[in-house]
Structures are given as C-alpha cells and as structure tokens.
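Structural features, examined
One-letter residues, chain by chain:
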Amino acid sequence: MRYSGIGGQAVIEGVMMKNRDKCAVAVRKPAGDIEVSNRTCSDIRKKSILARIPIIRGMISFVESLTLGMSTLNYSASFFEEEEEKSKSKSKSKEDDSIVMGLVLVLGIILAIGIFIVAPFLITESLRRIVRSPQLRGLIEGLIRVILFVIYVKLISLTKDIRRVFMYHGAEHKSINCIENGEELTVQNVKRQSMRHKRCGTSFLLIVMFLSILLFMFIVVDNIWLRMLFRVLLIPVIAGIAYEWIRFAGRHDNAFVNLISAPGLWLQKLTTIEPDNEMIEVAIASVEAVFDWKTFVYLDDDAEDDGIEVVSLDEDEGDEDSILSALDRFFEAPEEKEEKDEA
C-alpha cells in the first residue's frame, strides 16, 4: 500500500477531505445532488519554525483539527436546517454560525474532559482506601477511561443520524484505501476496500488513552486537586505524542507498527459501517476535489503530505526523523533486509 497523504472526516451526509493546504467538503443535499465546497486551509506550522518541533506540532495540529472539524460539520448541517433559518441574512447567519460553532466546540471539550478525564479520576480516588498503590490506581483509571469511551461510541452508534455518519466514515476510509492500493477511484473498486485505516482519528483517540494510562500511573502528587489539574493540562501534550505515533505509523508498514496499530483498527469496527453506493460517490467527489489520484495511481511519484481524519499530518521537514527511520529499519521484516543486501 502506497502512502497518499490525504486525510478526511465524515460529516452530516458527507465527507471532508484534506490534502496539504487544500480542503473540500462534499455533501449529498436533500434534493439528491452533491455539493462540493473547496477551501484553502491555513497552517501555522508553515509560518513558524517553533510550530514544526515534534510534539508541539502535534498539539497545534490537534487544535487546528478540532476547529476544522467543527467548521465542516457546521457547513454540512446547514443544508438540513429549517427553511426559516435559511431566510436570515447571509452576513448575520455567518456571524451567528461562528459564535455557535465556538460555543459548541468549547462545550464539547468541557464535556469530554468531564466524562473521560475527571470522572475516571474521581471513581479511582474513591478506591483510595482499598487500592493503596498509586500506580495500580492509575492503571484502573485508564482502563475505566477506555471502557467509558467504548461504551460511549457503541451507544451513539445506535442512533440513526450517527449511524449514517459512521457509514460515511466507512466511505471515507474505503476511498483512501482504494487509491493507496493503486486502484482507480470508482464506486466498484472502492466497495471492495477495507474500512480500516491506521491514520484514522479513532486510532488517534485510543493512542491518547493508552498514553494517558502510562503517564498518569507515574504522576504521584499528594494534593488531589493538583493531580486532577495535571491530568487536564497534560491533554495537549499527550495529543502531541499520539500525533507523532500516528504520523510515523501512517508512513511505515512493518510488524511492530502493525502490532501497535491493531487495537485502533479493532476499535474502528465500532466507528465505521459499510456505506452504500451514493455515500461512496460523495467520498469520491471529495477526494477528487483535493487530490490528483490518477497521477498518484499511474505514476511512481511519492506524496509528501500526511493526514489522520481531521488531523493533518503535514511533512514539513522533507526527510524522516533519523530516530523514526532507524526504528523502521530495526523492525523491518528479515526477508526484506535480505533482498536489500542482495541488491
């Protein structure tokens, strides 16, 4: 499988795709036709050397992804508003949408922190007299966090609207897998592809949770409020580290990477559902708006960019980090090493 560099996100009745500074949202409108909106995405990492430093770039990408994700979701939802909402003036609508999007984003972050960070912490703290070891409590806290996340994903997948979003999520993955497997981007070819992908945002979130288990196990502070504060403040740092792993995994294919990626691929069984042909058509329209797949499939050029769901993993440095390249060579399959030696 060749690395293409494009990433995407399922939205309401549509798919967003991003490639470098190009972004497109394709939506199946109520009338049945496909609306494609193209836009240019700004990237602070191209303007600041500091923003290109490993982990820091992941933290910045995480924030940019949240903003872009909310923006594209808001755009796709606009096609299904009530008629009286659409009758508002255009300028007023944009202003209102911006305010609402900001409030929803902030509220979503607060709820996520409360449910997946604070709640497991408080539950574990209630076991303090029973479980004396802070490391063991940290492990229990992390396991509770993962269980809550899996239950949450399973419950929302039961609703009709989210189920359709997960179907578009499947169409997004299938379309990317199609071109990365060197096949023409047609409905029939896309249907045959897998719905799993290592650069998926679902895998990113799972990596975040596993990293939080490792870090929180060893943050031993007597004051309960400080322990809670550290957990909240470390979220961006953990996201930055997870970004570096997903970035590496998306560009490498060996036994070690596949082993670590396996749990995330398994979890994608909950967040991706087999799409129908019309959904695949929408995903194809979104890909074609940002990516020249014919050149990619028929020519031997290597892509230079990267992406996970709404998190863009741009390759600004040009070359792989030496440490990551060394790891890749170390875990390379023996038969591949022998072939290279013979050459």
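The written sequence of each chain sets the order in which its residues are numbered from 1. Since the coordinates come from a predicted model, pLDDT governs what is reported: local features require at least 70, and pairs of side-chain atoms require 80 or more to be given and counted, while whole-chain, interface and lining totals use all residues. Each side-chain value is worked out from all heavy atoms of the structure, with water and hydrogens disregarded.

1. Some words on the overall build of the chain
Secondary structure elements are taken from DSSP: a helix is a run of H or I of four residues or more, a strand is a run of E of two residues or more, and numbering for both begins at the N terminus. Helix and strand counts for the chain come out as 14 helices and six strands. Evaluated residue by residue, the chain yields a buried proportion of 44% over its 343 residues. For this analysis, residues touch if any pair of their heavy atoms sits within 4.5 Å. Across the chain, contacts joining residues at least 24 apart in sequence account for 72% of those joining residues at least 6 apart. For the chain, the accessible area works out to roughly 17900 Å², and carbon and sulfur atoms hold 62% of it. Relative accessible area decides the class of each residue, using a 1.4 Å probe on protein chains only: under 20% of the type maximum gives buried, over 50% gives exposed, and in between gives partly exposed. Where accessible areas are quoted, they stem from the Shrake-Rupley method and a 1.4 Å probe; at the residue level, only the protein chains shown are allowed to cover.

2. Brief notes about the pairing of strand β1 (residues 7-11)
The buried count for β1 comes to five of five residues, which makes it a mostly enclosed element. Burial of the side chains of β1 extends over both faces: G7, Q9 and V11 are buried on one face and G8 and A10 on the other. Strand pairing is defined by DSSP finding a minimum of two bridges between the two strands. In this sheet, strand β2 (residues 14-19) lies alongside β1 in antiparallel orientation, the contact comprising five bridges. Its bridge partner lying in β2, G7 is registered against K18. Taking the residues that link successive antiparallel strands as the turn, the β1-β2 hairpin has two residues, and the phi of E13 there is positive, at about 55 degrees.

3. Describing the packing of aromatic side chains
The rule is short: rings of Phe, Tyr and Trp, with Trp giving its six-membered ring, pair when the centres are within 6.5 Å, and they are stacked under 30 degrees, edge-to-face over 60, tilted in between. For the coordinates displayed, the defined rule picks out four aromatic pairs. Aromatic side chains Y75 and F79 sit 5.1 Å apart centroid to centroid with 90 degrees between the ring planes, which places their arrangement in the edge-to-face category. Here Y75 matches F79 in class, with each residue buried. Ring plane angle 45 degrees and centroid distance 5.8 Å describe the contact between W245 and F248, whose orientation is recorded as tilted. Residue W245 and its partner F248 are located together in helix α9 (residues 235-251), separated by three residues, close to a single helical turn. Each member of the pair, W245 as well as F248, carries the same accessibility label: buried. Taken together, the ring pairs connect W245, F248 and F256 into an aromatic cluster. Working rule: Lys NZ or Arg CZ, within 6 Å of ring centre, within 35 degrees of ring normal, means a charge sits over the ring. For the cation-ring pair, R2 lies above F296, with the distance from its terminal atom to the ring centre recorded as 4.2 Å. Here the basic side chain of R231 rests over the ring of F216, its NZ or CZ set 4.8 Å away from the ring centre.

4. Concerning the packing of helix α7 (residues 201-217) against helix α10 (residues 255-271)
With their axes 8 Å apart at the nearest point, α7 and α10 run at an angle of 125 degrees to one another. Classified by the interaxial angle, the pair formed by α7 and α10 is oblique. Along this stretch, α7 crosses α10, giving a crossing that reads as right-handed. Contacts between α7 and α10 involve T202, S203, L206 and F210 from the former and P263, G264, L265, L267, Q268 and T271 from the latter. Residue classes follow a fixed rule: Ala, Val, Leu, Ile, Met, Phe, Trp, Tyr, Cys and Pro count as nonpolar, while Asp, Glu, Lys and Arg count as charged, and any other residue, Gly among them, counts as polar. Per-class residue counts for the contact of α7 with α10 are five nonpolar, five polar and no charged. The axes are straight lines fitted to the C-alpha atoms, using for helices just the contacting stretch, and the angles between their N-to-C directions are given from 0 to 180°. Orientation is classified from the angle alone, with under 35 degrees giving roughly parallel, over 145 giving roughly antiparallel, 65 to 115 giving roughly perpendicular, and any other angle giving oblique. Left-handed describes a crossing in which the near helix is turned anticlockwise from the far one by less than a right angle; the clockwise case is right-handed.

5. Here's the deal with the pattern of salt bridges
We count a salt bridge whenever a side-chain nitrogen from Lys or Arg sits within 4 Å of a carboxyl oxygen from Asp or Glu. The final tally for this structure, using the stated rule, is 14 salt bridges. What you see here is one network of salt bridges that share partners, running through K29, D33 and E35.

6. Focus: the side chain of E244
Locating E244 in the fold gives a position in helix α9. In this structure E244 touches P54, I55, R57 and G58, once residues within four positions along its chain are discounted.

7. Observations regarding the pairing of strand β4 (residues 34-40)
As defined by bridge partners, strand β3 (residues 22-28) adjoins β4 across seven bridges and the pair is classed as antiparallel. Residue C23 lies in a different strand from β4, and its bridge partner there is R39. Between β3 and β4, which pair antiparallel in sequence order, lie five residues; one of them, G32, sits at a positive phi of approximately 110 degrees.

8. What about the confidence of the model for the chain?
Per residue, pLDDT measures the predictor's confidence, with a range of 0 to 100. In the predicted model, the chain carries a mean pLDDT of 79, and 77% of its residues have values of at least 70. Per-residue pLDDT stays below 50 along residues 301-308; that stretch engages in 38 contacts with residues further than four places along the chain or on separate chains. Across residues 333-343, where pLDDT falls below 50, the model places four contacts with residues more than four positions away in sequence or in other chains.

9. Digging into α9
For a helix, the expected span equals 1.5 Å multiplied by the number of residues minus one. For α9, spanning 17 residues, the distance from its first C-alpha to its last is 25 Å, which sits close to the expected 24 Å at 1.5 Å a residue. Most of α9 is tucked away: twelve of the 17 residues are buried. Three or more residues of α9 are buried, namely I238, A239, G240, A242, Y243, E244, W245, I246, R247, F248, A249 and G250.

10. Remarks on the packing of helix α1 (residues 56-77) against α9
Geometry of a packed helix pair, given as the angle between the helix axes and the separation of the axes. Across the interface, α1 lies against α9 with an axial gap of 7 Å and an inter-helix angle of 100 degrees. By the angle class used here, α1 and α9 are roughly perpendicular. Two secondary-structure elements touch here, α1 through R57, G58, M59, S61 and F62 and α9 through P236, V237, A239, G240, Y243, E244 and R247.

11. Re the nonpolar core
To define a nonpolar core, start from buried Ala, Val, Leu, Ile, Met, Phe, Trp, Tyr and Cys residues and group those joined through side-chain atoms within 4.5 Å. Membership of the largest hydrophobic core comes to 38 residues, with the highest contact counts inside it found for I179, L185, V287 and F291. Put simply, the parts of the chain that give this core at least two residues each are β2, β3, α4 (134-156), α5 (160-180), α6 (187-191), α7, α11 (277-290) and α12 (293-298). No other element matches α5, which puts eight residues into this core. Not counting the four nearest positions on each side in its chain, V287 is found in contact with I6, M17, S175, I179 and L185. Counting residues in each nonpolar core, the second largest holds 16 residues, with F204, I207, F216 and A249 among its members.

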